[in-house]
Amino acid sequence: MINLGVNIDHIATIRQARGTDYPDPVDAVSICLAAGAGSITAHLREDRRHIQDHDIERLAAIPGLHLNMEMGANEEIIAICERLKPAACCLVPEKREELTTEGGLDVAGHRLHLAGVVERLSAAGVRVSMFIDPVPEQIRASKEIGAPVIELHTGHYANYQGEARARELAALAAGARLASDIGLMVHAGHGLTIDNTPAICAVPEIEELNIGHAIIADAVFKGLHQAVADFRAVMVR
Ligand code: PXP
């Protein structure tokens, strides 16, 4: 069975849009786990656009929860991760102006810095993953700096159509094979939807998918009927 990690960032996005205290992403944890998720992913961004410090702190305090903290490799966030000790973290490139993570981390180009980050977080007991494109140089560099896990970036696969998508899927499959051959655990994620996920699941080395936007988007329509009906039911004189 491939593990499903549900990224709950966009529950916080809705909350932050209104400055209310609901919806609370922490309330999503038990629902996701009951529905078959094996882990919860949340990205504490430097600009705090969705998940806040009090969210990640409460998530990290849930007993037995396999929390995967997505994060840029910057000092402030690294220190938070060292203190909270989630089960896992995934290092991603992070730019303030981007709408979402736009590509994989350049591990090969930042070996020294990232090796130090992997060492610190591993020493804190956190299983560190590198979010990278399916490029052999990046996969080998991740192994060389001591990361036990890579998460392959499926965003290009998800955005492309036709032959370009088939080429990207082949690159993901080859990357997953190489990673597994050199002893890395392989995860994948970004841009996955109910339609484009099955082909990724056919790659045998992939052990975990992290999916957020499409799950929260689907939840809106899968839950809208009930939400409207519940309001109708309380609108009585
Ligand atoms: N994996 C990583 C490393 C990500 O940065 C994200 C986006 O936060 C995801 C998975 C989930 O992507 P999506 O929200 O498109 O499903």
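One can find the structure itself at the top, above this paragraph.
The present account deals with the structure reproduced in this document. These numbers come from a predicted model, not from an experiment. (Residues numbered from 1 in each chain as written. Predicted model: local features only at pLDDT ≥ 70, side-chain atom pairs only at ≥ 80, totals over all residues. Heavy atoms only, no water.)

**Some words on the overall build of the chain**
A tally of helices and strands in the chain yields 10 helices and 8 strands. Along the longest, intermediate and shortest principal axes, the C-alpha atoms of the chain span 70 × 45 × 35 Å. The buried share of the chain, reckoned over its 237 residues, is 45%. Accessible surface for the chain amounts to roughly 11900 Å². Of this, 59% is attributable to carbon and sulfur atoms. Across the chain, 21 positive and 32 negative side-chain charges occur, with their mean positions spaced 3 Å apart. (Helix = DSSP H or I, 4+ residues; strand = E, 2+ residues; numbered from the N terminus. Buried < 20%, exposed > 50% of the residue type's maximum accessible area, 1.4 Å probe, protein only. Areas by Shrake-Rupley, 256 points an atom, 1.4 Å probe, with all protein chains shown as cover. Lys, Arg positive; Asp, Glu negative; His and termini not counted. Charge placed at Lys NZ, Arg CZ, Asp CG, Glu CD.)

**Description of the sheet that holds strand S2 (residues 39–43)**
One closed barrel holds the 8 strands; their spatial order is S1-S2-S3-S4-S5-S6-S7-S8, and the pairing between them is parallel. For this sheet, the mean inter-axis angle between neighbouring strands, taken without regard to orientation, is 25 degrees. Judged from the 4 bridges that link them, strand S7 (residues 185–189) and strand S8 (residues 206–211) form a sheet pairing that is parallel. What sits directly across from His187, in S8, is Glu208. (Pairing = 2+ DSSP bridges. Axes fitted to C-alpha atoms, helices over the stretch in contact; angles between N-to-C directions.)

**Topic: the state of the cysteines**
Under the counting rule described, the total for this entry stands at 0 disulfides. No disulfide involves Cys90; its nearest neighbouring cysteine sulfur is the one of Cys89, lying 7.4 Å away. (Disulfide = S-S within 2.5 Å.)

**Quick notes on the pattern of salt bridges**
Pairs may arise between side chains of opposite charge once their charged atoms sit close together. Tallied over the full model, the rule gives 12 salt bridges. Where Arg45 meets Asp47, a salt bridge forms, and the shortest distance between an N and an O atom there is 4.0 Å. Residue classification places Arg45 among the buried positions, given a relative accessible area of 3%. Taking the shortest distance from any N to any O, the salt bridge between Arg58 and Asp55 comes out at 2.8 Å. Taken together, the residues Arg58 and Asp55, both in helix H3 (residues 53–60) and 3 residues apart, mark about one turn of the helix. (Salt bridge = Lys/Arg side-chain N within 4 Å of Asp/Glu carboxyl O.)

Keep in mind that these numbers describe shape and distance, not what the molecule does.
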